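Overview (structure and organization)
Below, each chain spelled out in residue letters.
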Amino acid sequence: MTEYFRPILNTDISIPDDARVMRGTHFWFTHAEKLARNTEPQIVLAKNIPDNILQNITNERVNICRLSFDVPRVMGILNVTPDSFSDGGKYSSVETAEVHLKSMISDGADIIDIGGESTRPGAVEVEISEEISRVIPIIDKMAKKISVPISVDTRKSEVAGLAVSNGAVLVNDVSGLTFDPKMSELCVKQNIPVCIMHSQGLPETMQAKPTYQDVCLDIYDFLSEQIEKLVKSGMQRKNIIVDPGIGFGKTLKHNVDLLRRISLFHGLGVPILIGVSRKKFIKTIAELEENEDRLSGSVSVALFARSQGVQIFRVHDVKETVQAMKLWHSIHSE
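Below is a short write-up of the structure. These numbers were taken from a predicted model, which means no experiment stands behind them. (Residues numbered from 1 in each chain as written. Predicted model: local features only at pLDDT ≥ 70, side-chain atom pairs only at ≥ 80, totals over all residues. Heavy atoms only, no water.)

Here we come to the packing of aromatic side chains. On inspection of all chains with the given rule, the structure shows three aromatic pairs. Taken together through their ring pairs, the aromatic side chains of Tyr-4, Tyr-220 and Phe-265 make up a single cluster. One Lys or Arg, Arg-155, reaches over the ring of Phe-179 and ends 4.1 Å from the middle of that ring. (Phe/Tyr/Trp six-rings, centres within 6.5 Å; stacked < 30°, edge-to-face > 60°. Lys NZ or Arg CZ within 6 Å of the ring centre and 35° of its normal.)

Within the secondary structure layout, Arg-6 lies in strand β1 (residues 4–7). Excluding residues within four positions of it along the chain, Arg-6 makes contact with Ala-32, Glu-33, Arg-260, Arg-261, Ser-263, Leu-264 and Gln-308. (Helix = DSSP H or I, 4+ residues; strand = E, 2+ residues; numbered from the N terminus. Contact = heavy atoms within 4.5 Å.)

With that out of the way, let us pick up the pattern of salt bridges. Within the structure shown, the criterion is met by 20 salt bridges. Between Arg-37 and Asp-221 there is a salt bridge; the shortest N-O distance is 2.8 Å. Of this pair, Arg-37 sits in the loop between β4 (31–35) and β5 (42–45) while Asp-221 sits in helix α6 (residues 215–233); the two residues are 184 residues apart in sequence, bridging distant segments of the chain. On the basis of relative accessibility, which here comes to 24%, the residue Arg-37 falls in the partly exposed class. (Salt bridge = Lys/Arg side-chain N within 4 Å of Asp/Glu carboxyl O. Buried < 20%, exposed > 50% of the residue type's maximum accessible area, 1.4 Å probe, protein only.)

Counting 70 residues, the largest nonpolar core has Leu-78, Ile-114, Ile-139, Val-171, Phe-265 and Ile-274 as the members making the most contacts within it. It is α6 that contributes the most residues to this core, nine residues altogether. Counting residues in hydrophobic clusters, the runner-up holds 13 residues, among them Leu-9, Phe-29, Ile-49 and Ile-57. (Core = buried A, V, L, I, M, F, W, Y, C linked by side-chain atoms within 4.5 Å.)

This part takes up the environment of Glu-60. Positionally, Glu-60 belongs in the loop between α1 (51–58) and β6 (73–79). On the accessibility criterion, Glu-60 (52% relative accessible area) is exposed. Expressed as a C-alpha distance, the spacing of Glu-60 and Asp-70, which sit 10 residues apart in the sequence, is 8.7 Å. The contacts of Glu-60, once residues within four sequence positions are left out, are Arg-23 and Gly-24.

Ordered by their spatial adjacency, three strands build an open sheet running β1-β4-β5, and the pairing between neighbours is antiparallel. Every interior strand has two partners, whereas the edge strands, β1 and β5, have only one. When strand polarity is set aside, the average angle formed by the axes of neighbouring strands in this sheet is 40°. With four bridges connecting them, β1 and β4 associate as antiparallel partners. Note on β4: the bridge partner recorded for Pro-7 is Ala-32. (Pairing = 2+ DSSP bridges. Axes fitted to C-alpha atoms, helices over the stretch in contact; angles between N-to-C directions.)

Turning our attention to the state of the cysteines. In total, this model carries zero disulfides according to the counting rule given. Not engaged in a disulfide, the cysteine Cys-195 finds its nearest cysteine sulfur in Cys-65; these two sulfurs lie 10 Å apart. Relative accessible area serves as the criterion here: at 0%, Cys-195 is assigned to the buried category. Between Cys-216, a free cysteine, and Cys-195, which holds the nearest cysteine sulfur, the sulfur-to-sulfur gap is 18 Å. Classification of Cys-216 as buried rests on a relative accessible area of 4%. (Disulfide = S-S within 2.5 Å.)

So, in structure tokens, the structure goes:
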């Protein structure tokens, strides 16, 4: 029976002598939650975590795309699409995209994620040629002008390959490398860092009736398997990021359960990215009438995720999130 261990993290400035510290951070823990399928969770001492998992949790995360993870990192979203759920159509021209990209950098974004295909619930697949025509001109133009790294948000190896050739330095694949069988090969061959995200099903149908045996453990296993496949193919583990995929083939309960136990994913030994910005579950829980009122909820959930050691935050509202993270980090560090 496979056992999983979720560190119960703390950021108090007084650290017990027996605490295990996540190197390069101010997070520490003395206990963990031991999880297994079809059994009740147990609280165990940190020293009882198997050595390989303990090392994965506590080892310092190395730089990716010139970014260290001793502080929280904010990834600004740039959707050059007509139909994204929050900002579709606002930045579909090179001119408007450039203005918004520069604004996010000015507001403190550490990395910019550019996508040309909406993957909101119900979205239909975009032709490769159309996706290329949306993302490549802005990547080509801006990669030469800015020092902030650019990520390409795509499921398709052809789009990713052109994006990398034109200056992108990270591939963010919402399908977790399952949509296009050539994507893994491309990332390994190009030695390009990749973010593996979990999603259940395709955007067209993923919210129809998502089901899991255990949402946290099922997603942990998927991400672990995808990491190992990449590593066996020649990718260095230090070039991998994971994203549990909040809102992608998950019910409200699934999303909340994932957030409550998000520190479980530190056991994979790679940085964790999370994208909760403006998502429907925020509107539902907060009982909001308008989609535009999700800023406070988005920042609140991001701060909770940071309290659980999450390193990267994919957001629409860069200025507000950067400010919140700076304050959080200042309070929780010396």
